[in-house]
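# Residue-level structure breakdown
Okay, here's what each chain looks like letter by letter:
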Amino acid sequence: MQGTVDGFSYGLVTPLVAYLMACLGGALGLRCTTRSMLVAQSWRPGWLALGSAAIGSGIWTMHFIAMMGFTIRGTPIHYDKPMTFASLAVAIVMVGIGIFIVGYKGARGTALFTGGTITGLGIASMHYLGMASMRLDGKLEYNTLTVGISVAIAMAAATAALWAAGQVRGFLWSVGASLVMGLAVSGMHYTGMAALSVHLHGTAEPTAGESPAALLAPMLIGPLSFLLLAGVVVMFDPLMVMGKPTAVAVEQRPGIPAHTAHNPERLRFRPRRTVEHRGSRTPQNR
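It should be emphasised that the depicted structure is a prediction, and the values quoted were computed from it without experimental measurement. All residue numbers refer to positions counted from 1 along the written sequence of the respective chain. In view of the model being predicted, local features appear only for residues whose pLDDT reaches at least 70, and side-chain atom pairs are presented and counted only at 80 or more, with totals across whole chains, interfaces and linings using the full set of residues. Side-chain descriptors were evaluated using all non-hydrogen atoms of the structure, hydrogens and water having been removed beforehand.

## A few points about the pairing of strand β6 (residues 196–200)
As a general feature of sheets, a regular strand has side chains that alternate between the two faces. Residue burial is assigned from relative accessible area. The probe radius is 1.4 Å, only protein chains are included, and a residue is buried under 20% of its type maximum, exposed over 50%, and partly exposed in between. Here a helix means four or more residues in a row that DSSP labels H or I, a strand means two or more in a row labelled E, and each is numbered from the N terminus. Of the two faces of β6, only one is covered, namely that formed by L196, V198 and L200; the face formed by S197 and H199 stays uncovered. In this description, strands pair whenever DSSP reports at least two bridges between them. Sheet topology places strand β5 (residues 138–142) next to β6; 5 bridges connect them, and they run antiparallel. Counted as the bridge partner of G138 is L200 from β6.

Okay, here's the thing in structure tokens:
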């Protein structure tokens, strides 16, 4: 028996809130990635790790807020908690691999393609692992072509976001990039949901059960709190909003004076002083 799927039980509320969460996670992640490229090597891993966790938490939160509006007529939906949180870990780890590649190799060429591909696959893996965590009296089936399109959207969105992190410096440009990234991630989610069909077994009597919102709300507290704390860190970091670098110690090399290395503008040509040739005190041979 084919189940009737409804992905908008609360109307446009869940899609809009989910989109905002994807934008928030993307904005924090992009600013952290941009910041990592402007600081000393010792600080770079910390900023990249924070950016990875922000993007991973943002897309995971976006997915399950959208799933609050997902219902199947005739069967209640439950979620396997270990697999649900495993999807969060997969998102953070795979997004982190892509961000670290771009953070250390640069947002161009092979590094950008590799990082974007891994990050996009992480987003798609999080989505379908999260779908696999659902427990219901039925079987989930997917259209292969539509699934492939959703994965391609995730990879393109991730590549564009990582490129923006390496190229965009201004605050408004970063906001625009995060809005585009949120739109792409949301588009990937609902494209993947369009590939879904449910075949009900009909072995259990339909029961009301708990709503998806009641089941998922407690799981979202942790990632939402983390996004809030990450936002505070980004907001109160000096020069983070403008994306300007902090002062980084210049490497001292043998033969280069310290003041020359720190202030190149002091290298100016000065006219040589004319030295008056006075008579030598050394007796001359006559």
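## Re the UniProt feature "transmembrane region" (unreviewed entry) in the protein
UniProt positions are given in the numbering used here, feature names are shortened, and annotations may be inferred rather than shown by experiment. The feature "transmembrane region" (unreviewed entry), as annotated in UniProt, sits at residues 12–34, 46–72, 84–104, 111–130, 142–164, 171–193 and 213–236 in this numbering. Along residues 12–34 the backbone is 96% helical and 0% strand, and the end-to-end C-alpha distance reaches 33 Å. Annotation note: span residues 111–130, helix share 100%, strand share 0%, distance between end C-alpha atoms 28 Å.

## With respect to the confidence of the model for the protein
When pLDDT is low, close inspection of the predicted coordinates is not appropriate. On average, residues of the protein score 78 in pLDDT, and 76% of them are at 70 or above. Known as pLDDT, the predictor's confidence for each residue is given on a scale from 0 to 100. Working rule for contacts: check all heavy atoms of both residues, and any pair within 4.5 Å makes them a contact. When the criterion is pLDDT under 50, residues 240–270 qualifies, and its contacts beyond four places in sequence or with other chains add up to 32 contacts.

## Observations regarding the packing of aromatic side chains
Planes of paired rings set the category: under 30 degrees apart is stacked, over 60 is edge-to-face and the rest tilted, where pairs are Phe, Tyr or Trp rings (Trp by its six-membered ring) whose centres lie within 6.5 Å. All chains considered together, the criterion is met by 6 aromatic pairs. Ring geometry for F64 versus Y79: centroids 6.1 Å apart, planes at 75 degrees, classification edge-to-face. Here Y79 lies in strand β3 (residues 78–79) and F64 lies in helix α2 (residues 44–67), a separation of 15 residues in the sequence. Take Y79: its relative accessible area is 9%, and that puts it in the buried class. Judged by centre distance (6.2 Å) and plane angle (20 degrees), the rings of F100 and Y104 are stacked. Of this pair, F100 and Y104 are both found in helix α3 (residues 81–105), 4 residues apart, which corresponds to roughly one turn of the helix.

## Let's talk about the environment of S150
Among the structural elements, S150 can be located in helix α5 (residues 144–167). With near-sequence residues (within four places) excluded, S150 lies in contact with Y128, M188, T191 and G192. Among the polar contacts listed, one links the side chain of S150 to the side chain of Y128, at a separation of 2.7 Å. As used in this structure description, the phrase polar contact means that two N or O atoms lie within 3.5 Å; if the pair is within protein, one of them must be able to donate a hydrogen and the other to accept it, and residues adjacent in sequence are counted only when both atoms belong to side chains.

## Describing the environment of A18
You can see A18 is positioned in helix α1 (residues 13–36). Note: C-alpha distance between A18 and W60 (42 residues apart in sequence) is 9.6 Å. Contact partners of A18, with chain neighbours within four places excluded, come to M62, I65 and A66.

## Considering a nonpolar patch on the surface
Side chains of Y10, V13 and V17 sit close together on the surface and give an oily, nonpolar patch of about 260 Å² of accessible area. Y10 gets classed as partly exposed once you look at its relative accessible area, which sits at 43%. Note that patches include only residues with greater than 30% relative accessible area and no salt bridge, and the join distances are 9 Å for like charges and 5 Å for nonpolar side chains (Val, Leu, Ile, Met, Phe, Trp, Tyr). A 1.4 Å probe and the Shrake-Rupley method give the accessible areas. Residues count as covered only by the protein chains that appear here. What counts as a salt bridge is simple: a side-chain nitrogen of Lys or Arg found within 4 Å of a carboxyl oxygen of Asp or Glu.

## Quick notes on the packing of α3 against helix α4 (residues 109–132)
The geometry of α3 relative to α4 is characterised by a closest axis approach of 8 Å and an angle of 175 degrees between their N-to-C directions. It follows from the interaxial angle that α3 and α4 lie roughly antiparallel. To get an axis, a line is fitted to the C-alpha atoms, and for a helix only the part in contact is used. The angle between two axes follows their N-to-C directions and goes from 0 to 180 degrees. Roughly parallel here means an angle under 35 degrees, roughly antiparallel means over 145, roughly perpendicular means 65 to 115, and every remaining angle is called oblique.

## Description of the nonpolar core
By convention a nonpolar core is built from buried Ala, Val, Leu, Ile, Met, Phe, Trp, Tyr and Cys residues, the set being connected through side-chain atoms within 4.5 Å. Formed by 54 residues in total, the largest nonpolar core has its most connected members in M67, F70, Y79 and M134. Of all the elements in the fold, those that place two or more residues in this core are α1, α2, α3, α4, α5, α6 (171–194), β6 and α7 (212–236). With 9 residues, α2 is the largest single contributor of residues to this core. The residues contacting M134, other than those within four sequence positions of it, are M67, F70, I77, H78, Y79 and L140. Counting residues in each nonpolar core, the second largest holds 9 residues, with V39, W47, A230 and V234 among its members.

## Details of the packing of α2 against α4
Between α2 and α4, whose axes approach to 10 Å, the crossing angle comes to 35 degrees. The crossing of α2 and α4 is right-handed. Touching I59, W60, H63, F64 and M67 of α2 are I123, M126, H127, G130 and M131, all from α4. Ten residues, namely Ala, Val, Leu, Ile, Met, Phe, Trp, Tyr, Cys and Pro, are considered nonpolar, four, namely Asp, Glu, Lys and Arg, are considered charged, and the remaining ones, Gly among them, are considered polar. By residue class, the composition of the contact of α2 with α4 is 7 nonpolar, 3 polar and no charged. Crossings are assigned a handedness: left-handed for a near helix turned anticlockwise from the far helix by less than a right angle, right-handed for a clockwise turn.

## Observations concerning the environment of G202
Counting through the fold element by element, G202 comes out in the loop between β6 and α7. Taking C-alpha positions, G202 is 6.9 Å from D137, a pair spaced 65 residues apart along the chain.

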